[in-house]
2 protein chains.
Amino acid sequence: MNIVLLSGGSGKRLWPLSNDVRSKQFIKIFKTEENQYESMVQRVYRQIRAVNKDAIVTIATSRSQVSSIHNQLGDEVGICVEPCRRDTFPAIALVTAYLHDVKGVSEEEVVVVCPVDPYVQNEYFEALMKLEKLAETGDANLVLMGIEPTYPSEKYGYIIPHNKQDISQVETFREKPDAKTAQQYINQGALWNGGVFAYKLKYVLEKAHEWIDFTDYEDLYRKYEQLTKISFDYAVVEKETKIQVMRFMGEWKDLGTWNTLTETMEEPIVGKAMFNEDCENIHILNELDVPVLCMGLKDVVVCASEEGILVSDKEQSSYIKPFVDQLDQQVRFAEKSWGNFKVIDIEDESMTIKLTLNPGHGMNYHSHERRDEIWIVISGTGKAIVNDVERVVRPGDVIQMKAGCIHTIIAETELKVIEVQIGKDIDIHDKIKHNYKNR
Amino acid sequence: MNIVLLSGGSGKRLWPLSNDVRSKQFIKIFKTEENQYESMVQRVYRQIRAVNKDAIVTIATSRSQVSSIHNQLGDEVGICVEPCRRDTFPAIALVTAYLHDVKGVSEEEVVVVCPVDPYVQNEYFEALMKLEKLAETGDANLVLMGIEPTYPSEKYGYIIPHNKQDISQVETFREKPDAKTAQQYINQGALWNGGVFAYKLKYVLEKAHEWIDFTDYEDLYRKYEQLTKISFDYAVVEKETKIQVMRFMGEWKDLGTWNTLTETMEEPIVGKAMFNEDCENIHILNELDVPVLCMGLKDVVVCASEEGILVSDKEQSSYIKPFVDQLDQQVRFAEKSWGNFKVIDIEDESMTIKLTLNPGHGMNYHSHERRDEIWIVISGTGKAIVNDVERVVRPGDVIQMKAGCIHTIIAETELKVIEVQIGKDIDIHDKIKHNYKNR
């Protein structure tokens with residue numbers, strides 16, 4: 001089974017946990033049976049594995065998410081990187097070409113595409129397997145999964161089926177109607193469009209060649225930036241006549257806002273927090289290492305991270321985006337392929353950061369033009385390379401790097417380092433990558 | 001005019017701004033005409049100076065507040081330090097002996113004692129001058145100031161005067177009655193006891209000698225730890241028959257809880273914060289350098305500091321103490337005589353701190369037994385002394401100090417330093433003070 005997970009862009013609707021470099025799907029918010037926390041992408045990946053351990057999972061995403069994906073899912077997961085954002089049709093064409101040309105998936109095989117962030121149970125992924133079968137054996141070119149609506153939502157697109165059977169021809173589509181119209185659609189058997197569909201690889205490959213002049217995956221990748229932005233729905237789905245929908249009656253939640261996200265949380269608290277008994281229907285998510293105390297609040301979500309603090313009535317939490325847009329969005333925390341970093345102090349001409357490197361991982365061999373850096377190892381052991389000279393490092397060691405000096409640090413055990421950057425013009429873009437003989 | 005300001009102990013009712021080392025009177029929360037923020041103690045000190053620029057102000061306090069007082073009021077202010085806490089009678093005896101024996105204040109001079117944290121206008125301090133005159137010229141041994149009650153509070157003690165005149169003999173005292181009884185007292189002309197009184201120095205000195213066997217200030221200071229805890233009200237006020245009260249009709253607020261404190265704030269926001277128009281009667285105090293966003297809240301106070309985050313219904317904010325008692329109260333921020341420090345990272349075997357030293361100030365010359373330290377200067381210039389060797393320091397300089405090594409740093413301009421402490425047993429009590437030839 002080939003599953004493509006579409007991992008979308010950065011979101012501000014879950015600020016302060018999501019930001020320009022951390023999309024909501026990477027927030028560790030769901031408690032596992034082992035009392036650990038996992039993110040949406042980790043949860044979905046685990047669920048797929050539980051239902052079909054041999055499924056070949058490919059994540060279609062942008063360059064900015066590659067580090068987080070490797071950090072959370074390991075190095076084994078397939079990733080198809082879009083060179084830039086070009087809407088869903090180019091993205092699906094690219095991943096389809098990738099599966100065919102790079103992964104050697106046959107033209108007759110079925111690909112199931114689904115978003116990376118639905119909150120569902122295993123039954124959902126069992127349904128995806130049925131969808132695969134339908135696409136394999138039926139005569140539809142495209143088989144969609146339609147979500148049985150639970151209320152006349154104005155937020156979703158609707159699939160209008162020919163009849164109310166479990167599997168039906170698709171009559172037409174309707175985008176975000178008002179509640180009254182939505183109710184009429186639902187009475188006729190309409191389903192929410194959850195963005196899930198299955199097709200034989202050759203079908204989308206043909207569509208891609210109809211719209212785009214390219215030879216193979218590499219050629220498409222090269223031309224990607226010049227492609228027109230166009231949605232898969234517009235380019236393919238809405239024009240297709242041999243199209244079916246399969247009705248899905250199980251649990252499905254779209255975790256786009258704090259309001260919906262907190263509904264899926266099993267416990268009211270993640271992180272250090274307390275509340276008194278006069279609190280009612282509150283959720284506290286605290287990523288800081290100091291406590292949050294709530295007294296006498298009702299229907300409120302409190303979220304604290306390195307980026308900021310949100311305190312919101314749950315209903316109103318859907319409307320934070322314009323406010324967050326106004327905030328100075330300096331990235332304070334980010335997951336990298338080698339671990340993570342956290343900004344712990346900012347001054348006019350200095351920035352202090354805590355680096356945590358995972359065992360066996362190291363950062364790129366790099367230099368900066370306009371800042372000096374100093375590392376102080378605070379825990380773990382590893383190896384620093386500065387201007388091609390290697391040295392073993394342990395807690396208390398200090399490494400000083402003037403601007404221009406080429407450096408990296410590689411963890412043996414988990415390695416924590418305080419990095420002090422000093423310069424008049426500290427900028428994340430001031431970074432030059434170099435090759436090192438062993439790397 | 002001799003004014004003694006009683007600066008009381010640490011409080012948890014204004015957590016997370018007040019903590020074990022920062023009492024509420026040092027929180028910078030009031031906006032001045034110059035658009036700066038000042039603390040309760042700064043406000044009161046400024047008001048006294050405005051009303052009587054020659055007033056001799058002495059702050060009676062504990063050792064732990066000396067650094068904050070010098071930091072906020074400068075080095076000129078008089079401070080009488082209690083060696084330990086022994087309730088108000090020993091404290092007032094000590095400061096009275098201090099004024100007489102150390103400051104040479106005559107036995108016939110009047111001392112006015114008042115708490116350091118009332119929220120009042122200048123008229124209050126004008127009234128204190130009247131109180132002084134009364135104690136000077138009248139025949140009462142003790143003259144109290146009574147606050148005209150604005151409602152039948154159950155929180156305060158009541159002074160029952162002989163009549164409703166502006167100045168009256170005191171009939172008796174009543175401690176914290178229920179609201180109904182309080183209303184009856186008020187109908188009879190009762191006043192709140194705001195803890196303000198004036199006396200001729202010799203009067204309290206005599207009382208002190210009646211209760212305590214001591215010769216002078218130094219002797220009293222030495223014996224202080226053995227003194228019985230006893231309140232001034234019990235030992236003196238309630239037994240005195242020649243006692244008057246002066247009625248004060250002006251504004252007076254006791255800023256003991258978030259609820260009362262926020263009532264005095266001129267603007268709803270201190271620090272980086274935003275709220276949407278659906279918020280009503282909210283206050284946000286944010287000491288962090290990341291923003292707070294509030295949506296759809298009513299009657300709520302949000303306070304964020306290095307110690308933690310409080311989100312509370314204003315009414316319920318009076319009840320936070322038992323919850324705060326349960327929190328791990330690691331001090332994350334403190335004002336020192338030389339500037340301040342802020343803990344920016346804590347790991348099992350390391351702690352990272354940002355030090356800010358005021359120009360011309362330096363810390364004690366000291367060493368640690370069980371931790372190494374590393375300083376990285378991030379801004380400003382100064383001088384470090386390590387094992388009696390002096391060196392000039394500037395941004396980017398690194399100073400490494402092994403356990404046992406004696407060190408200090410002295411600011412020339414404002415000096416900011418990242419300090420990394422490394423050791424298995426990091427503890428604030430692991431500190432040995434030394435003498436340096438020049439210090």
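Preceding block: the structure.
The structure contained in this document is the topic of the report that follows. (Residues numbered from 1 in each chain as written. Chains lettered and ligands numbered in written order. Predicted model: local features only at pLDDT ≥ 70, side-chain atom pairs only at ≥ 80, totals over all residues. Heavy atoms only, no water.)

Here we come to the sheet that holds strand E18 (residues 300–305) of chain B. In spatial order, the strands read E15(A)-E17(A)-E19(B)-E18(B)-E16(B)-E14(B); together these six strands make up an open sheet with mixed pairing. Because the sheet does not close on itself, it has two edges, and the strands there are strand E15 (273–275) of chain A together with strand E14 (269–270) of chain B. (Pairing = 2+ DSSP bridges. Helix = DSSP H or I, 4+ residues; strand = E, 2+ residues; numbered from the N terminus.)

That bond from A:Trp15 to A:Pro16 is cis: its omega, 5 degrees, falls within 30 degrees of zero. For A:Pro16, the location among the structural elements is in the loop between strand E1 (2–6) and strand E2 (30–31). One non-glycine residue, A:Lys176, lies in the positive phi region at around 25 degrees. Counting through the fold element by element, A:Lys176 comes out in the loop between strand E10 (167–174) and helix H5 (179–187). Under the relative-accessibility criterion, A:Lys176 is labelled exposed at 53%. With a phi close to 70 degrees, B:Asp388 is a non-glycine residue in the positive phi region. Along the chain, B:Asp388 turns up in the loop between strand E25 (382–386) and strand E26 (389–393). B:Asp388 sits in the partly exposed class, given a relative accessible area of 45%. (Buried < 20%, exposed > 50% of the residue type's maximum accessible area, 1.4 Å probe, protein only.)

Another point: the relation of the copies chain A and chain B. Of the transformation placing chain A onto chain B, the axial shift is 0.0 Å and the rotation is 180 degrees, giving an RMSD of 0.1 Å. What the superposition gives is, in effect, a two-fold axis relating one chain to the other. Ranked by how close their C-alpha atoms come to the rotation axis, the residues of chain A are headed by A:Ile344, at 2.9 Å. With an isologous cut-off of 70% or more, the 100% of interface residues of chain A that recur at the interface of chain B puts this contact in the isologous class. (Least-squares fit on C-alpha atoms with pLDDT ≥ 70 in both. Contact = heavy atoms within 4.5 Å.)

The next point concerns the interface of chain A and chain B. In this complex, chain A contributes 54 residues to the contact, which on the side of chain B involves 54 residues. Across the interface of chain A and chain B, roughly 4400 Å² is buried in total on both sides, 66% from carbon and sulfur atoms. Three residues stand out in chain A for area buried against chain B, namely A:Leu293, A:Met295 and A:Ile309, and they jointly supply 16% of the buried area on that side. There are eight salt bridges connecting chain A and chain B. With its nearest N and O atoms 3.0 Å apart, the salt bridge here joins B:Glu347 to A:Lys416. (Buried area = accessible area lost by both parts, 1.4 Å probe. Salt bridge = Lys/Arg side-chain N within 4 Å of Asp/Glu carboxyl O.)

With that settled, the discussion passes to the pattern of salt bridges. All names here are of chain B. Under the criterion given, the structure shown has 52 salt bridges over all chains. The partner of Lys 12 in a salt bridge is Asp 325, and the shortest N-O contact between them spans 3.1 Å. Here the residue Lys 12 occupies a position in the loop between strand E1 (2–6) and strand E2 (30–31), and Asp 325 occupies one in helix H10 (residues 321–326), the gap between them amounting to 313 residues. Salt-bridge contacts for Lys 402 lead to Asp 372; the nearest nitrogen and oxygen are separated by 3.4 Å. Highlighted residues: Lys 402 in the loop between strand E27 (398–401) and strand E28 (407–411) and Asp 372 in strand E24 (residues 372–379), separated in sequence by 30 residues. The exposed category is assigned to Lys 402, whose relative accessible area is 59%. Taking relative accessible area as the criterion, Asp 372 reaches 23% and is therefore assigned partly exposed.

A few words on helix H2 (residues 66–73) of chain B. All names here are of chain B. Considered for burial, the residues of H2 that qualify are Ser 67, Ser 68, Ile 69, Gln 72 and Leu 73. Against the buried residues of H2 lie helix H1 (40–51), strand E4 (56–62), strand E5 (78–82) and strand E20 (333–336). A positive backbone phi angle near 90 degrees is found at Gly 74, which sits one or two residues after H2.

In this section: the packing of aromatic side chains. Residue and element names in this part refer to chain A. Enumeration according to the criterion identifies 28 aromatic pairs over all chains in this entry. Look at Tyr 98 and Tyr 217: their rings are 5.4 Å apart centre to centre, the planes differ by 65 degrees, and that puts the pair in the edge-to-face class. Highlighted residues: Tyr 98 in helix H3 (residues 88–101) and Tyr 217 in helix H7 (residues 217–223), separated in sequence by 119 residues. A relative accessible area of 13% places Tyr 217 in the buried class. Looking at Arg 43, its charged tip hangs above the ring of Phe 30, at a distance of 5.6 Å from the centre. (Phe/Tyr/Trp six-rings, centres within 6.5 Å; stacked < 30°, edge-to-face > 60°. Lys NZ or Arg CZ within 6 Å of the ring centre and 35° of its normal.)

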